[in-house]
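# Descriptive structure summary
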Amino acid sequence: MSAAQLYTKYTRVWIPDPDEVWRSAEIIKDYKEGDKSLQLKLEDETLYEYPIDLPGSELPFLRNPDILVGQNDLTALSYLHEPAVLHNLKVRFLESNHIYTYCGIVLVAINPYEQLPIYEQDVIYAYSGQNMGDMDPHIFAVAEEAYKQMARDEKNQSIIVSGESGAGKTVSAKYAMRFFATVGGSASETNIETKVLASSPIMEAIGNAKTTRNDNSSRFGKYIQIGFDKRYHIIGANMRTYLLEKSRVVFQAEDERNYHIFYQLCASSSLPEFKDLGLTCAEDFFYTSQGGDTSIDGVDDADDFEKTRHAFTLLGVKESHQMTIFRIIAAILHLGNLKIQGERDGEVCSISSEDEHLSSFCSLLGVEHSQMQHWLCHRKLVTTAETYVKSMSLHQVVNARNALAKHIYAQLFNWIVQHINKALHTTVKQHSFIGVLDIYGFETFEVNSFEQFCINYANEKLQQQFNSHVFKLEQEEYMKEGIPWTLIDFYDNQPCIDLIEAKLGILDLLDEECKVPKGTDQNWAQKLYDRHAASQHFQKPRMSNTSFIVLHFADKVEYQSEGFLEKNRDTVYEEQINILKASQYQMVADLFQEEKDAVPATAVAKRMPRINVRSAKPAFKAANKEHRKTVGHQFRNSLQLLMETLNATTPHYVRCIKPNDEKLPFKFDPKRAVQQLRACGVLETIRISAAGFPSRWSYPDFFNRYRVLMNKRDLSKNDKKQICQTLLEDLIKDPDKFQFGRTKIFFRAGQVAYLEKLRADKFRAATIMIQKTVRGWLQRARYQRLRRATLALQRYARGHLARRLFQHLRRTRAAIILQKQYRMLRMRRAFLRVCSATLTIQAFARGMFVRRIYHQMLMEHKATILQKYARGWLARVRFRRAQAAAVVLQCHWRRLRARRQLQALRIEARSAQHLKKLNIGMENKVVQLQRKVDEQNKENKLLNEQLSMLTSAHSSEVEKLKKELQQYQQTQQGDGKQLLSLQEETERLRMELERAHGEREVLEDSHGKERDLLRKRICDLEEENALLKQEKEELNSRILCQSEDEFARNTVEENMQMKKELEEERSRYQNLVKEYASLEQRYDNLRDEMTIFKQTPGHRRNPSNQSSLESDSNNPSICTSEIGDTEDVIQQVEEIGMEKAAMDMTLFLKLQKRVRELELERKKLQAQLEKKEQESKKSQVNEIKTEVTSEHEDFAYNSLKRQELESENKKLKNELNELRKAIADHATQNNSNDVQDGYNLLLNQLKSANEELEVRKEEVLILRSQIMKAAQQKETGKNMVKERESISPNASWPNSDRHVDQEDAIEAYQGMCETNRLLEAQLQDQRREHEEEMEALKNQVDLMQEELEKQQQAFLQTLQLSPEVQVEFGLQQEITRLTNENLDLKELLEKLEKNEKKLKKQLKIYMKKVQDFEASQTTVPVERRPHERNMQVAVQRKEKDFQGMLEYYKEDEPLLIRNLITDLKPQAVSATVPCLPAYILYMCIRHADYINDDQKVHSLLTSTINGVKKVLKKHQDDFEMTSFWLANTCRLLHCLKQYSGEEGFMTQNTAKQNEHCLKNFDLTEYRQVLGHLSIQIYQQLINIAEGILQPMIVSAVLENESIQGLSIVKPVGYRKYSSNAGDSSYSLDEMIRQLNTFHSIMCDQGLDPEIIQQVFKQLFYMINAIALNNLLLRKDVCSWSTGMQLRFNISQLEEWLHGKNLQQSGAAQTLEPLIQAAQLLQLKKKTSEDAEAICSLCTSLTTQQIVKILNLYTPVNEFEERVTVAFIRNIQKQLQERNDPPQLLLDFKHMFPVLFPFNPSAITMDSIHLPASLNLDFLNKV
């Protein structure tokens, strides 16, 4: 293609820019040959004329189509050049936040300066086992590729991580090692992978420091070899280091720090163990304060120091060695603070002996103070004749001190590395290894010294190796595809390497100058100028005579020669080293001891057959000899060893890029990025690819992508390869632009873009045709709509005119009618008015005349009435006057009679007889009054205490007067004075009595008034209470109406929470079972290890052997003792055989015990919670009790009655004790007869008392139960009152408004309350029992202490006696003790004999019942004893019915297990009853139970469980066998429950089935063991099914084209990098057929439907998790067409679930995240409304998953639009309130807890038939 065809209008190009490096522009005018410039329009719409006629100017680079932007691989771009690479990286980094990008075999990693959630364990599992091109670029993909090639090719691998300081090399290497540690976890318990990871914090502490470019920059290079065994598990590791930057120990530039360990130690100096180090803050030491700020933002040095110490401990470094390491580091700091005093203008120096830092340095290193003080300022000169000691100048002393500090730190660094290697060393033979090289990248600073020279020299060597490897891979690719190979010129930096390392090169001249006695840096620089001035890679600066320039592959670098010689010599004086060798600390002395031989790197090097790897660090020899080998020479040798190692391995490259120098997250600086891309060789890879055929397409992908360019005749052919060849020959005329390989088509650069342009033109033409047709159709449709509208308007207009004319005519006629009617109405109204007026006048006139007549008659009637009343009044007045006169006369006469009678009475009163009558009357009245007073006092005793006192006093005085009056009457008649006194006294008493009566009446009145007031107040309060209740009910009704939905919601949430807690508990329990199974399996793996080692090496990685991939349990493992027991038992079984030894169930029972303990703890916690709830309820009840007092009357009465009964019981007990005492006393005093009589009498009384006591006890118990019941009822009643008050009667109950539902709810609530009370009572009983036990134990302890004290006292007493007496006393004590023990044993023996008799009686009764039962069941007589055989009669035995039991002999048990379990095939019983083996086993167990043989039951069940385990282990990959034994194990478990005799399991049994229940044994514990076994089998079944389905999921769900015509076209340039070939693909139909197979197998074998549902729920969750995880890590499947295809595939799975009646299993719900992901791919992603729709729809996806899918979304063609960054930010803003978990991927290994619901069988045992094919003839039916 010519330039005129490419550079046309609207084509976009790249032009250079000083700020952004490259800038995009668009051609606005077609280019023609001969044009001197291009007319361009920039992105900001400004016009620009680009000159192309200037020398060196060429046509600008073409820009790739937008469809290619953001590719995973840079080599997939059509136009391969620097601006395309830079733009692709920028788009991926800033817009999609993708930090990884492939560039051929190189992984480009851009440091995000932010923690990303893409390194979790789930991501490791997602990349494990995947091809490199299948997933998005990632460091894990490179690590997986290395691991896979090691396992497949059995060749060692290397991962080379390089880049600038701060680019993320160390982090990338750390993640690669984490991947290997996870995927290739060690098979043993050494946890070597943990130690490998633990070495990182140590090496970062001693080898990393803060620089201006990175806060954690590695100042050394390291190569870590991770060793693997034949099974590709990690067995060890080895570390080699390169070129530690020792100068940083003594010097740091501005804003830099020393190594982290110094600052960590200073930050922890306040710890007690570091008090002796004499450290303070880092600012106080010269070696740590030169850079200024000693802290790093966001870094806690003290916390990092704790991590470092923990890592030391984990790697086995002793605590004493750790303290020595810290002492050495502290000594270096003190060495830097020495005060050197100069004399004689600095020619002579000295150090004060009182210098505290010198003292600290010497004490910390254990060296002599005076010697160190002397030799720090002096040196020894040795000649052939004699030795001189010379003083050093100030400058020399400072240099010597710094050299010593650097040397000490370097030796300490090497020691730590050696000990890390020792900790990572292993004795197991290494099969292969993977090396991870973390080495410094190309560096250039303003001042470049010896360190930068060595670093850039190493990068030159690595770049040469990289170029040759890339070139080699390209050549292999071409050769494999059969394409003619022409040599491609690539950059070879061998001349630059020769400049440095060849003979008389830079390093040789440097070493030569170092040997010269007075060699200087200037002389060395001059030699370089003279020797290499003509070299093309060497230049001399114009303005300097001490600098030189080397043209490296990345850039030219100017080096300052100052300091090269000193750093290359690295001189340390021998005298100082000798002092350190004599240290009193062994470790310090060992650091500087001579070593004759080089230290071996590790034993790993000895086992590598193909590589001779030596130590990267040469041996440290004597001080006077070692320094002849310079630093440059050492580095060149170690670099040579490294290159030999890398050349012997398969390398994988990771190039780390630093996006900006400010360390800001997701900020991209194009200048810095381009500089690093040029330096790290990425652009060289692009150039090599572009020089050949960079774009490569497989024939099917090319056919699917460009089929639109083909004609129908070509498409009808079946050979796609021939069709593609024909198309390309027609479209591209130049045959050199493409080549046809065996499986791929190779294109030159730009050809794919040309094909994309043709494809876009084809689509554009088709689009125009579609638009033309659609627009014509739209116009025709518009014309037809207008015509129909016009006709409709005409029709409506004409109708309107006709209706208007009709309306006019109708209105005219109506007007005439209205006029007629109106005129008639007006005349009628006038006539009616005249008529009404006439009638009114007549009515008023007639009324006036009538009223006049009425008034006249009324006046006459009133006059008659007045006359009548006047005459009556006059007659009454006359009568009253006559009556008054008569009354006056009567009054006068009566007064006269009364006066006469008064005089007669006065005379009579003076007589004595009258007085007597009066006194008699008085006595009677007094007695009557006394009675009344007594009665009143009894009635009002509580209210009138004062009145009773007065009444009693009065009664006593009246009695006294009675006596005096009687005496007076008997002796003589009293005189008048005494009579008067008596009368006065009587009157006084009467007055007092009347006053008392008055007070009483007052009190009664006040009492009555108060009572009335109280009653009134009570009535008021009741009314007020009623009003309050009414208001409360109204408020409750309102509240209930408002909160009814909330109450229902809370109820649902509580139910969900309870279900969730139950599921979690079940999950923990089943994880314990799973852990046990894994521990049991571990022994078998260890047992088979020797056999595996003897076999030939495997060539594939077995996923089942990957320990860390398979063991994902988060629960703690079983203790070691239990594991040991299990292993011993398994060993016993293997030695003896299954026929003679049955596996013990000890470990099962221990596991059961642990589970029960957990259950008890949970129940205790639940009981405590319920207790607290009860206490709160009781407090509420007490509040109600205070308000309503009347309800407690019955309860108070019962409590009083109970107290009375208890007091009576106490009295009876006291009387009983007194009777016993009396018996005892009487027995000692009286004779035997009297004693016997008295004893009988008292015995009768005692019996009656005991009977009465028992009756009282029963009454007390009854009363207590009644009281408790009443209290509970009242409490529940009050609670229900409160509930009724809180829940208004007017509230609407669900389903109906009837009162019955509310009562049912109240009864349910009462039942719950009663249950809670019972649980609380049980808890209190347990607590009380516990307290009683504790009290009893305390009493026993007290008794033991007392007995001990007594024995001690006796012992002390015996010591004071003579020996003979001591012997006698000891014998007496022993006799006494033996006597007591004998008595105790006798009592125990008597109790045992009583129990034995009792049991014998019960046994006789049961034997008699059995004999009666057998006699009733059969007519056959029992055989008689041998001496009665002569009396037997021959009787025929009747045939018995089959009782559903099978009998076998003990020795036939192994045969039973072998025929029924071990050797049984599921096909053998396929035509019989499902789960037949389970029924047969139960019938055997039932017979053992029938004959009461517990050993036989135990042996049979144990053998059964072990046999099932053995079968499952043998067929651990057989789904049918695993499903078969899961069904049988569950059925056996159901049988043991159904026939256990427990009522809860017998509700669905028939009468016949109830006869088959177990009679003698409770097999609850074995049911638990079978439950555990069922869980293990279920988990194995799931693992087998997942292993079968897992390879199908991605290709069947994501990649398979189920919808014909909807082609899922991969993006342009997509290609795989893994060398795996022949990857199998599966369709959705194949996966559904596999699911059908699983379902049919489980159904045919009689597995419970509930378990089948749980199996498919688990499998569908795995399908969802794997498909979604793959979608989140693959850019090529995140497109609209994939979403459509994915939704269709999911609908097919849902239809399958519906067809198999598995809708209730919850499997469809597990697919919800995948469904929402498919919908998200199909939704519109443009406006804010679209963002709201996405947020409301994708509820099952987390925020990170939604954003990840949007970032990965890739348009398949140019007509689709990318998702903008603003739209993604809008989504993140709307979803920021979600509390989503931080994980990006789903845990596809998560397993739902399984539940085995009870499922009884309708089959009876007697109806089961044993097929002959099972060979069970030795079983006898009973």
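Residues numbered from 1 in each chain as written. Predicted model: local features only at pLDDT ≥ 70, side-chain atom pairs only at ≥ 80, totals over all residues. Heavy atoms only, no water.

### Focus on the overall build of the protein chain
- Regarding its fold elements, the protein chain presents 53 helices and 26 strands.
- Expressed as a percentage of the 1822 residues in the protein chain, the buried residues total 42%.
- Restricting the contact set of the protein chain to residue pairs at least 6 apart, pairs at least 24 apart contribute 74%.
- When the accessible area of the protein chain is evaluated, it comes to approximately 103000 Å², of which 53% is carbon and sulfur surface. (Helix = DSSP H or I, 4+ residues; strand = E, 2+ residues; numbered from the N terminus. Buried < 20%, exposed > 50% of the residue type's maximum accessible area, 1.4 Å probe, protein only. Contact = heavy atoms within 4.5 Å. Areas by Shrake-Rupley, 256 points an atom, 1.4 Å probe, with all protein chains shown as cover.)

### Notes on the pairing of strand 21 (residues 650-657)
- For strand 21, the buried fraction is high: 8 of the 8 residues fall into the buried class.
- Neither face of strand 21 is left uncovered, since the one carrying Thr650, His652, Val654 and Cys656 and the one carrying Pro651, Tyr653, Arg655 and Ile657 both have all their residues buried.
- Direction of pairing for strand 7 (residues 106-110) relative to strand 21: parallel, over a ladder of 5 bridges. By the bridge assignment for strand 21, Ala109 is matched with Cys656.
- Bridging between strand 8 (residues 157-163) and strand 21 involves 7 bridges; their strand directions are parallel. Residue Ile160 lies in a different strand from strand 21, and its bridge partner there is Tyr653. (Pairing = 2+ DSSP bridges.)

### Comments concerning the pattern of salt bridges
- Scanning the entire structure with this criterion turns up 33 salt bridges.
- In this structure, Arg152 engages Asp153 in a salt bridge whose closest nitrogen and oxygen atoms are separated by 3.3 Å.
- One continuous salt-bridge network, built from bridges that share partners, spans Glu164, Lys658, Asp661 and Arg672. (Salt bridge = Lys/Arg side-chain N within 4 Å of Asp/Glu carboxyl O.)

### A few points about a nonpolar patch on the surface
- Taken together, the side chains of Ile770, Val774, Trp777 and Leu778 present a nonpolar region at the surface, about 410 Å² in accessible area.
- Tracing the chain through its elements places Trp777 in helix 28 (residues 751-909).
- Trp777 gets classed as exposed once you look at its relative accessible area, which sits at 53%. (Patch = residues over 30% accessible without salt bridge, like charges linked within 9 Å, V, L, I, M, F, W, Y side chains within 5 Å.)

### Digging into the sheet that holds strand 8
- Pairing within the open sheet is mixed, and its 7 strands lie in the order 6-7-21-8-17-11-12. The open sheet has two edge strands with one neighbour each: strand 6 (100-103) and strand 12 (234-242). Taken over all neighbouring pairs, the strand axes of this sheet differ in orientation by 20° on average, direction set aside. (Axes fitted to C-alpha atoms, helices over the stretch in contact; angles between N-to-C directions.)

### Digging into the packing of aromatic side chains
- Throughout the structure, instances matching the rule amount to 42 aromatic pairs.
- With a centroid separation of 6.5 Å and 75° between ring planes, the pair formed by Phe453 and Phe548 is classed as edge-to-face. In this pair, Phe453 sits in helix 14 (residues 450-481) while Phe548 sits in strand 19 (residues 547-551), placing the two residues 95 residues apart along the sequence. Taken as a pair, Phe453 and Phe548 share a single burial class, namely buried.
- Taken together through their ring pairs, the aromatic side chains of Phe450, Phe453, Trp524, Tyr529, Phe538, Phe548, Tyr559 and Phe564 make up a single cluster.
- Over the aromatic face of Tyr796 sits the side chain of Arg795, whose NZ or CZ is 5.3 Å from the ring centroid.
- For the cation-ring pair, Lys1789 lies above Tyr125, with the distance from its terminal atom to the ring centre recorded as 5.9 Å. (Phe/Tyr/Trp six-rings, centres within 6.5 Å; stacked < 30°, edge-to-face > 60°. Lys NZ or Arg CZ within 6 Å of the ring centre and 35° of its normal.)

### Some thoughts on helix 27 (residues 720-731)
- For helix 27, which comprises 12 residues, the first-to-last C-alpha distance of 16 Å matches the rise-based estimate of 16 Å (1.5 Å per residue) to within 8%.
- The inward-facing, buried residues of helix 27 abut helix 25 (699-705), helix 26 (712-715), strand 23 (738-740), strand 24 (744-747) and helix 28.
- Where helix 27 starts, the residue carrying a side-chain oxygen 3.2 Å from the main-chain nitrogen of Lys721 turns out to be Asp719. (Expected span 1.5 Å × (residues − 1). Polar contact = N/O pair within 3.5 Å; in protein donor to acceptor, adjacent residues only side chain to side chain.)

### Considering the nonpolar core
- Counting residues in hydrophobic clusters, the biggest one holds 327 residues, and the most contacted among them are Phe180, Phe262, Phe548, Ile1480, Met1631, Phe1656 and Leu1819.
- Residue contributions to this core peak at 18 residues, all from helix 45 (residues 1564-1599).
- With residues near it in sequence (within four places) discarded, Phe262 still touches Val249, Thr288, Ile329, Ile332, Leu333 and Tyr409. (Core = buried A, V, L, I, M, F, W, Y, C linked by side-chain atoms within 4.5 Å.)

### Brief notes about the environment of Leu1702
- Counting through the fold element by element, Leu1702 comes out in the loop between helix 48 (1680-1699) and helix 49 (1707-1710).
- Residue classification places Leu1702 among the buried residues on the basis of a relative accessible area of 4%.
- The spacing of Leu1702 and Pro1649 is 53 residues in sequence and 9.2 Å in space, taken between C-alpha atoms.
- Among all residues touching Leu1702, those that are not within four sequence positions of it are His1639, Ile1652, Gln1653, Phe1656, Trp1696 and Leu1697.

### Describing helix 15 (residues 494-501)
- Residues of helix 15 that are buried include every one of Cys496, Ile497, Leu499 and Ile500, and no others. Each buried residue of helix 15 lies within a common arc of 155° when the element is viewed along its axis, so the set occupies one face.
- On its buried side, helix 15 packs onto helix 14, helix 16 (506-515), helix 17 (521-532), strand 18 (538-539) and strand 19. (Arc of directions from axis to C-beta.)

### Side note on the sheet that holds strand 3 (residues 37-42)
- The strand order across the open sheet formed by 5 strands is 4-3-2-1-5, and the pairing between neighbours is antiparallel. Pairing within the sheet leaves two strands with one partner each, and these edge strands are strand 4 (47-51) and strand 5 (61-62).
- Across 6 bridges, strand 1 (residues 12-17) lies against strand 2 (residues 21-27) in antiparallel orientation. Opposite Ile15, over in strand 2, you have Arg23 as the bridge partner.
- Strand contacts of helix 2 (residues 82-95): strand 1, strand 2 and strand 5, with the helix running at about 100° to strand 2, the strand carrying the most contacts.

### Some details on unusual backbone geometry
- With a phi close to 75°, Tyr10 is a non-glycine residue in the positive phi region.
- Within the secondary structure, Tyr10 is located in the loop between helix 1 (3-6) and strand 1.
- Residue classification places Tyr10 among the exposed residues on the basis of a relative accessible area of 58%.
- Unlike most non-glycine residues, Asn1701 shows phi in positive territory, near 60°.
- Tracing the backbone shows Asn1701 in the loop between helix 48 and helix 49.
- Its relative accessible area of 58% is what places Asn1701 among the exposed residues.

### Quick notes on the state of the cysteines
- Summed over all chains, the structure comprises 0 disulfides.
- Here Cys1475 is not disulfide-linked; the sulfur of Cys1530 is the nearest cysteine sulfur, at 8.3 Å.
- With a relative accessible area of 5%, Cys1475 lands in the buried category. (Disulfide = S-S within 2.5 Å.)

### Observations regarding the confidence of the model for the protein chain
- Residues at a pLDDT of 70 or more form 77% of the protein chain, whose mean pLDDT is 78.
- Within the protein chain, the lowest mean pLDDT, 37, falls on helix 33 (residues 1107-1110), and the highest, 93, falls on helix 7 (residues 260-267). (pLDDT = per-residue confidence, 0-100.)

### Some words on the environment of Tyr10
- Separated by 15 residues in the primary sequence, Tyr10 and Ala25 have C-alpha atoms spaced 9.5 Å apart.
- The residues touching Tyr10, leaving out its near neighbours within four places in the chain, are Glu26 and Ile27.

### Quick look at the side chain of Asp17
- Structurally, Asp17 is set in strand 1.
- At a separation of 3.0 Å, a polar atom in the side chain of Asp17 contacts the main-chain amide nitrogen of Asp19.
- Among the polar contacts made by the side chain of Asp17, one reaches the main-chain amide nitrogen of Glu20 at a distance of 2.7 Å.
- Sequence-distant contacts of Asp17, defined by excluding residues within four places in its chain, comprise Trp22 and Arg23.

### Notes on the packing of helix 4 (residues 139-153) against helix 5 (residues 169-183)
- Across the interface, helix 4 lies against helix 5 with an axial gap of 9 Å and an inter-helix angle of 50°. Classified by the interaxial angle, the pair formed by helix 4 and helix 5 is oblique. Of the two elements, helix 4 crosses helix 5, and the hand of that crossing is right-handed. Seen from helix 4, the contacting residues are Ile139, Phe140, Ala143, Glu144, Ala146 and Tyr147; seen from helix 5, they are Ser172, Tyr175, Ala176, Phe179, Phe180 and Val183.
- For the contact of helix 4 with helix 5, the class distribution of residues is 10 nonpolar, 1 polar and 1 charged. (Parallel < 35°, antiparallel > 145°, perpendicular 65-115°, else oblique. Left-handed = near helix turned anticlockwise from the far one by under 90°. Nonpolar A, V, L, I, M, F, W, Y, C, P; charged D, E, K, R; others polar.)

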